[in-house]
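# A structural walkthrough
The chain contents come next:
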Amino acid sequence: MIYQKPDCLFCRIILGEIPAKIVYRNDHVVAFRDITPVAPQHILIIPVKHISSLNDLGPADEMIAGHMLLAARIVAEIIGIRESGYRLVFNTGADAMQSVFHIHGHLIGGTQMGWPPFPGLPTVHA
Ligand code: DGP
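Residues numbered from 1 in each chain as written. Predicted model: local features only at pLDDT ≥ 70, side-chain atom pairs only at ≥ 80, totals over all residues. Heavy atoms only, no water.

## Digging into the sheet that holds strand β1 (residues 22–25)
Strand order in the open sheet formed by five strands is β1-β2-β3-β5-β4, with antiparallel pairing between adjacent strands. Looking at the sheet topology across the chains shown, the edges are occupied by β1 and β4 (86–89). Strand-to-strand twist in this sheet, taken as the mean axis angle between neighbours without regard to direction, amounts to 20°. Note: β1 against strand β2 (residues 29–33), three bridges, orientation antiparallel. Opposite Y24, over in β2, you have A31 as the bridge partner. Across the face of the sheet, helix α2 (residues 62–78) comes into contact with β1, β2, β3 (41–47), β4 and β5 (105–109) while running at roughly 155° to β3. (Pairing = 2+ DSSP bridges. Helix = DSSP H or I, 4+ residues; strand = E, 2+ residues; numbered from the N terminus. Axes fitted to C-alpha atoms, helices over the stretch in contact; angles between N-to-C directions. Contact = heavy atoms within 4.5 Å.)

## A word on the nonpolar core
Core analysis: the biggest nonpolar cluster contains 16 residues, and I43, I45, V75 and L107 have the highest contact counts within it. Secondary-structure elements contributing two or more residues to this core are β2, β3 and α2. Looking at which element gives the most residues to this core, the answer is α2, with six residues. The residues contacting V75, other than those within four sequence positions of it, are V23, Y24, A31, I43 and L107. Ranked by size, the runner-up nonpolar core spans 11 residues in total, among them C8, F10, V30 and V100. (Core = buried A, V, L, I, M, F, W, Y, C linked by side-chain atoms within 4.5 Å. Buried < 20%, exposed > 50% of the residue type's maximum accessible area, 1.4 Å probe, protein only.)

## Comments concerning the side chain of H102
Relative to the elements of secondary structure, H102 occurs in the loop between β4 and β5. For H102, the side chain forms a polar contact with the main-chain oxygen of P47, separated by 2.8 Å. A distance of 3.3 Å separates polar atoms of two side chains, one belonging to H102 and the other to H50. (Polar contact = N/O pair within 3.5 Å; in protein donor to acceptor, adjacent residues only side chain to side chain.)

## Things to note about the site of the ligand
Around the ligand sit 16 residues in total, of which R33, D34, N91, S99 and H106 are the nearest. The separation between an oxygen atom of the ligand and a polar main-chain atom of V100 is 3.0 Å. Elements that contribute at least two residues to the shell around the ligand include exactly α1 (9–14) and β2. Counting residues per element, the shell around the ligand draws most heavily on α1, which supplies three residues. Looking at the shell around the ligand, its residues break down into eight nonpolar, six polar and two charged. (Near = heavy atom within 4 Å. Nonpolar A, V, L, I, M, F, W, Y, C, P; charged D, E, K, R; others polar.)

Structure follows, in C-alpha coordinates:
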(Lines give C-alpha, C1' and ligand atoms only; values in the text may rest on other atoms or scores of the structure.)
Protein backbone atom coordinates (compact mmCIF):
# COMPACT_ATOMS: atom_id res chain seq x y z
CA MET A 1 0.00 0.00 0.00
CA ILE A 2 1.31 3.49 -0.83
CA TYR A 3 1.27 5.82 2.17
CA GLN A 4 3.25 8.79 0.80
CA LYS A 5 2.24 11.60 -1.54
CA PRO A 6 5.15 12.37 -3.92
CA ASP A 7 4.75 16.17 -3.87
CA CYS A 8 4.32 16.42 -0.08
CA LEU A 9 7.27 17.99 1.78
CA PHE A 10 6.78 15.92 4.93
CA CYS A 11 6.29 12.68 2.95
CA ARG A 12 9.65 13.41 1.37
CA ILE A 13 11.21 13.81 4.84
CA ILE A 14 9.73 10.43 5.81
CA LEU A 15 11.31 8.88 2.72
CA GLY A 16 14.68 10.51 3.45
CA GLU A 17 14.57 12.58 0.26
CA ILE A 18 14.76 15.81 2.27
CA PRO A 19 17.06 15.90 5.32
CA ALA A 20 15.67 16.55 8.78
CA LYS A 21 16.90 16.26 12.35
CA ILE A 22 14.90 13.21 13.35
CA VAL A 23 14.57 12.68 17.09
CA TYR A 24 12.27 9.65 17.07
CA ARG A 25 10.57 7.33 14.64
CA ASN A 26 8.69 4.05 14.66
CA ASP A 27 6.54 2.21 12.12
CA HIS A 28 3.73 4.75 12.46
CA VAL A 29 5.19 8.19 13.16
CA VAL A 30 8.27 10.34 12.61
CA ALA A 31 9.35 13.23 14.86
CA PHE A 32 11.87 15.83 13.75
CA ARG A 33 13.02 19.33 14.66
CA ASP A 34 11.09 22.21 13.12
CA ILE A 35 13.22 24.24 10.70
CA THR A 36 11.90 27.52 12.15
CA PRO A 37 11.54 26.89 15.88
CA VAL A 38 9.22 29.12 17.89
CA ALA A 39 10.44 27.80 21.25
CA PRO A 40 13.71 26.40 22.65
CA GLN A 41 12.30 22.94 21.93
CA HIS A 42 10.12 22.57 18.82
CA ILE A 43 9.49 19.14 17.32
CA LEU A 44 7.02 18.16 14.59
CA ILE A 45 5.25 14.84 15.01
CA ILE A 46 3.80 13.39 11.82
CA PRO A 47 2.20 10.10 10.80
CA VAL A 48 3.91 7.98 8.15
CA LYS A 49 0.59 7.84 6.30
CA HIS A 50 -0.19 11.01 4.36
CA ILE A 51 -3.20 12.76 5.90
CA SER A 52 -3.60 16.42 4.94
CA SER A 53 -4.92 17.87 8.18
CA LEU A 54 -6.93 17.13 11.29
CA ASN A 55 -10.01 17.75 9.13
CA ASP A 56 -9.06 14.71 7.06
CA LEU A 57 -8.49 12.35 9.97
CA GLY A 58 -11.15 9.64 9.66
CA PRO A 59 -12.50 6.91 11.94
CA ALA A 60 -10.08 4.44 10.32
CA ASP A 61 -7.20 6.65 11.50
CA GLU A 62 -7.97 6.16 15.20
CA MET A 63 -4.76 4.18 15.75
CA ILE A 64 -2.69 6.80 13.97
CA ALA A 65 -4.09 9.53 16.20
CA GLY A 66 -3.16 7.46 19.23
CA HIS A 67 0.34 6.83 17.91
CA MET A 68 0.88 10.57 17.44
CA LEU A 69 -0.13 11.30 21.04
CA LEU A 70 2.06 8.52 22.40
CA ALA A 71 4.97 9.74 20.30
CA ALA A 72 4.53 13.24 21.76
CA ARG A 73 4.94 11.83 25.25
CA ILE A 74 7.98 9.76 24.24
CA VAL A 75 9.62 12.70 22.46
CA ALA A 76 9.01 14.95 25.48
CA GLU A 77 10.99 12.42 27.51
CA ILE A 78 13.76 12.13 24.91
CA ILE A 79 14.31 15.90 24.71
CA GLY A 80 14.01 16.36 28.46
CA ILE A 81 10.84 18.43 28.88
CA ARG A 82 8.55 15.76 30.32
CA GLU A 83 8.65 17.26 33.80
CA SER A 84 8.96 20.97 32.92
CA GLY A 85 5.94 20.82 30.60
CA TYR A 86 5.10 21.25 26.98
CA ARG A 87 2.32 22.02 24.53
CA LEU A 88 1.03 20.04 21.54
CA VAL A 89 -0.55 22.16 18.78
CA PHE A 90 -2.25 21.05 15.56
CA ASN A 91 -2.64 24.07 13.31
CA THR A 92 -5.61 23.30 11.08
CA GLY A 93 -6.72 25.43 8.17
CA ALA A 94 -6.43 29.09 7.29
CA ASP A 95 -7.20 30.80 10.62
CA ALA A 96 -4.59 28.61 12.31
CA MET A 97 -2.09 29.39 9.53
CA GLN A 98 -1.47 25.76 8.59
CA SER A 99 1.20 25.91 5.90
CA VAL A 100 2.17 22.25 5.35
CA PHE A 101 -0.71 19.98 4.47
CA HIS A 102 0.51 16.76 6.05
CA ILE A 103 -1.01 16.59 9.52
CA HIS A 104 1.55 17.43 12.22
CA GLY A 105 1.61 18.18 15.89
CA HIS A 106 3.94 20.94 17.06
CA LEU A 107 5.50 19.82 20.34
CA ILE A 108 6.85 22.99 21.92
CA GLY A 109 8.48 23.64 25.25
CA GLY A 110 11.70 24.43 27.03
CA THR A 111 10.37 27.74 28.30
CA GLN A 112 7.44 29.19 30.25
CA MET A 113 4.58 29.78 27.79
CA GLY A 114 1.61 32.08 28.14
CA TRP A 115 -2.08 31.10 28.22
CA PRO A 116 -4.47 32.10 26.82
CA PRO A 117 -2.58 32.66 23.56
CA PHE A 118 -4.46 35.90 22.79
CA PRO A 119 -5.24 37.59 26.10
CA GLY A 120 -7.45 40.63 25.74
CA LEU A 121 -9.36 39.47 22.69
CA PRO A 122 -13.10 39.06 23.19
CA THR A 123 -14.24 35.43 23.24
CA VAL A 124 -17.22 34.22 21.21
CA HIS A 125 -19.42 31.56 22.73
CA ALA A 126 -22.61 30.17 21.20
P1 DGP B 1 2.20 24.78 10.11
O2 DGP B 1 2.30 26.25 9.88
O3 DGP B 1 1.42 24.43 11.34
O4 DGP B 1 1.68 24.06 8.88
O5 DGP B 1 3.68 24.28 10.40
C6 DGP B 1 4.57 23.85 9.43
C7 DGP B 1 5.92 23.82 10.07
O8 DGP B 1 6.80 23.12 9.22
C9 DGP B 1 6.54 25.20 10.28
O10 DGP B 1 6.69 25.46 11.68
C11 DGP B 1 7.91 25.12 9.62
C12 DGP B 1 8.08 23.64 9.37
N13 DGP B 1 8.80 23.32 8.16
C14 DGP B 1 8.51 23.76 6.92
N15 DGP B 1 9.38 23.25 6.03
C16 DGP B 1 10.22 22.46 6.74
C17 DGP B 1 11.35 21.65 6.38
O18 DGP B 1 11.75 21.52 5.22
N19 DGP B 1 11.98 20.99 7.38
C20 DGP B 1 11.57 21.09 8.68
N21 DGP B 1 12.26 20.41 9.59
N22 DGP B 1 10.51 21.83 9.06
C23 DGP B 1 9.85 22.51 8.10
